[in-house]
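Residue-level structure breakdown
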Amino acid sequence: MDQESGKQQIVAVRKNGDGDIVELQLSSGQVVGYKEAQQMAKNDQIENVNVFKGRDGDEHLRSDADGRTDNNLDQLPTF
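The sections below set out a description of the structure shown in this document.

Scoring rules and cut-offs
Residues numbered from 1 in each chain as written. Predicted model: local features only at pLDDT ≥ 70, side-chain atom pairs only at ≥ 80, totals over all residues. Heavy atoms only, no water. Helix = DSSP H or I, 4+ residues; strand = E, 2+ residues; numbered from the N terminus. Buried < 20%, exposed > 50% of the residue type's maximum accessible area, 1.4 Å probe, protein only. Core = buried A, V, L, I, M, F, W, Y, C linked by side-chain atoms within 4.5 Å. Contact = heavy atoms within 4.5 Å. Salt bridge = Lys/Arg side-chain N within 4 Å of Asp/Glu carboxyl O.

Turning our attention to unusual backbone geometry. Phi at D44 takes a positive value of approximately 65°, unusual for a residue other than glycine. For D44, the position within the fold is in the loop between α1 (34-42) and β4 (49-53). Look at D44 and you get partly exposed, because its relative accessible area is 46%.

The structure is reproduced here in structure tokens:
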């Protein structure tokens, strides 16, 4: 949890056999499902991520654009 903002950060991800992110580990150690993480992002409880509607019409979670690729969700460590 960021001491200043009080928000959590995503520190690791778990992917399914297709390579899709299905669970996320937060800085508190809590593990949440993808849909729960989306809701937390919408509620501004997780920093550096946002929810957008894709071309497929579904909502997706992504890291905020900051010019870096090393902190993209797909690049985070797995657990």
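Let's shift gears to the nonpolar core. By size, the foremost hydrophobic cluster in this structure holds 15 residues, and its most contacted members are I10, L24, I46, V49, L61 and L73. Broken down by element, the residue count for this core peaks at four residues, all from α1. Among all residues touching I10, those that are not within four sequence positions of it are L24, Q25, L26, I46, V49, L61, L73 and L76.

What follows is about the pattern of salt bridges. Using the criterion set out here, one finds five salt bridges in the structure. Here E23 and R14 are joined by a salt bridge, their closest N and O atoms 2.5 Å apart. With relative accessibility at 33%, the residue R14 sits in the partly exposed group. The shortest N-O distance in the salt bridge between R68 and D70 comes to 2.9 Å. The exposure class assigned to R68 is partly exposed, which follows from its relative accessible area of 44%.

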